Amino acid sequence: MLKGKFPIDKFKELKTPFYYYDVDLLNETLQTIQAESGKYGYHVHFAIKANANPRLLSIIAAAGLGADCVSGGEVEAAIKAGFPAEKIVFAGVGKADWEINLGLDENIFCFNVESLAELRVINELAAAKNKVARVALRINPDVDAHTHAKITTGLKENKFGINLGLLNGVLDEMKAMSHVRLIGIHCHIGSQITDMSAFRNLAIRINEIQEELEKKGIQVENLNLGGGLGIDYYHPNHLSIPAFDNYFAVFHKLLDLRPGQQVHFEPGRSVVAQCGSLISRVLYVKEGEVKKFAILDAGFTDLIRPAMYDAYHRIENISSDNDVEVYDVVGPICESSDVFGKDVELNEVHRGDFIALRSAGAYGEVMASQYNCRQLPAAYFSDQL
Ligand code: LLP
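If you're wondering where the values come from, they're calculated on a predicted model, not measured in any experiment.

Quick look at the site of the ligand
Item 1. What surrounds the ligand is a group of 18 residues, the closest being Ser191, Glu266, Arg305, Tyr309 and Tyr363.
Item 2. Measuring from an oxygen atom of the ligand, one finds a backbone N or O atom of Gly228 at 2.9 Å.
Item 3. Measuring from an oxygen atom of the ligand, one finds a side-chain N or O atom of Arg305 at 2.6 Å.
Item 4. Computed on the free molecule, the ligand has an accessible area of 590 Å², of which 92% lies beneath the protein chains in the complex.
Item 5. Of the residues in the shell around the ligand, the class split is 6 nonpolar, 6 polar and 6 charged.
Item 6. Built from parts of two domains, the shell around the ligand gets at least three residues from each of domain 1 (8-18 + 274-384) and domain 2 (23-271).

With respect to the domain arrangement of the chain
Item 1. Split by domain assignment, the chain resolves into domain 1 (8-18 + 274-384) and domain 2 (23-271).
Item 2. In this assembly, domain 1 packs against domain 2 so that about 2,200 Å² is buried in total across both faces, 54% of it on carbon and sulfur atoms.
Item 3. A per-residue breakdown of the area domain 1 buries against domain 2 is headed by Gln274, Tyr363 and Phe381, which together make up 31% of the total.
Item 4. Linking domain 1 with domain 2 are 1 salt bridge.
Item 5. One salt bridge in this structure joins Arg55 and Asp383, with 2.7 Å as the shortest N-O distance.
Item 6. Here domain 1 is connected to domain 2 by 10 residue pairs in polar contact (both at pLDDT 80 or more).
Item 7. Of all elements in the fold, only helix H11 (305-309) and strand S17 (378-381) reach the threshold of two or more residues within the side of domain 1 that touches domain 2.
Item 8. Top contributing element to the side of domain 1 that touches domain 2 by residue count: H11, with 3 residues.
Item 9. Partitioned by chemical class, the residues of the side of domain 1 that touches domain 2 number 9 nonpolar, 7 polar and 6 charged.

Definitions and cut-offs
- Residues numbered from 1 in each chain as written.
- Predicted model: local features only at pLDDT ≥ 70, side-chain atom pairs only at ≥ 80, totals over all residues.
- Heavy atoms only, no water.
- Near = heavy atom within 4 Å.
- Polar contact = N/O pair within 3.5 Å; in protein donor to acceptor, adjacent residues only side chain to side chain.
- Areas by Shrake-Rupley, 256 points an atom, 1.4 Å probe, with all protein chains shown as cover.
- Nonpolar A, V, L, I, M, F, W, Y, C, P; charged D, E, K, R; others polar.
- Domains from an automatic or database assignment.
- Buried area = accessible area lost by both parts, 1.4 Å probe.
- Salt bridge = Lys/Arg side-chain N within 4 Å of Asp/Glu carboxyl O.
- Helix = DSSP H or I, 4+ residues; strand = E, 2+ residues; numbered from the N terminus.

Now the structure itself:
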């Protein structure tokens, strides 16, 4: 069984559970993104919601990406990590006044605006500072991402963005607002999208939206296509870098760009998922009547994706080459949903073995909680151990 390369001897000195980030893989992924997007002059903003670890952010900023933020805290984290304000975009359906003011004070590149109500507030707050806020309207394109219901965002029934049918009203009222300037349109249809036809449909829908806008005499300088590119959770060792070449090529082939128009993306998961693993120790092997359980010292407080979305993460016993046996791999938290995998084939497990939960670099550490008064997991980087 092919396993990831882990410095087990170094791990022995560390308290578990912790996140382990492979810096070489992260850098290789970032180089691939910059090379593939650079072919077409596209701008890539890392979606900080996927992972806000300060060291990881500073590596991503140093590679030249921008930042996509969804809260004032993320804007602060982006600036601290070295992302230049002119590469920061700020989305979210519920921006508080202080968060908008922070974006204005920092002169971020753009607010991705999700409703008329929000646009009015940005206009007012910018007026109070005698500024003009750059805004992109987040349009709900009603394109199905064919992904998990909890991470689909681009359908009419979702809370995100402005429905196409309401766009004209927003544009009409916007004409009278002197402290916002429309610089773009923004769409994000969902996450963990592996079916490229969803992105094809998005590109085609953007072309239609542009034509509609032009009928009203509006041409925007920027198109932001959001994030959403999926990764291969089943083969983290073979397919550790997502197919960014195919992804950007879809948009290059299908988008009808106007002269000088700039194209932006906001990938999160595809940038960082594969470089991160959650490392834990086996506390107990418990023989049940019908099942054998490997009880880990990591639980859903450290990685919530399996409990929350029924997400699959590949689980490896990185301490052993023994014959394979079948286990339910569970955590110590007092909830029956604290299960990382059922009927998982693992090399025979013993107390103290290291278990790696793979592809956990995105929406892992950043979603950790202290439920049950647990400590937050630590994080280590391959070049620092
Ligand atoms: N842009 C916007 C406006 C978003 O809402 C998101 C993700 C992204 C970009 C980045 O999408 P990505 O490239 O990572 O797919 N916690 C869930 C995923 C939630 C995604 C929310 N929005 C999970 O663990 O699967």
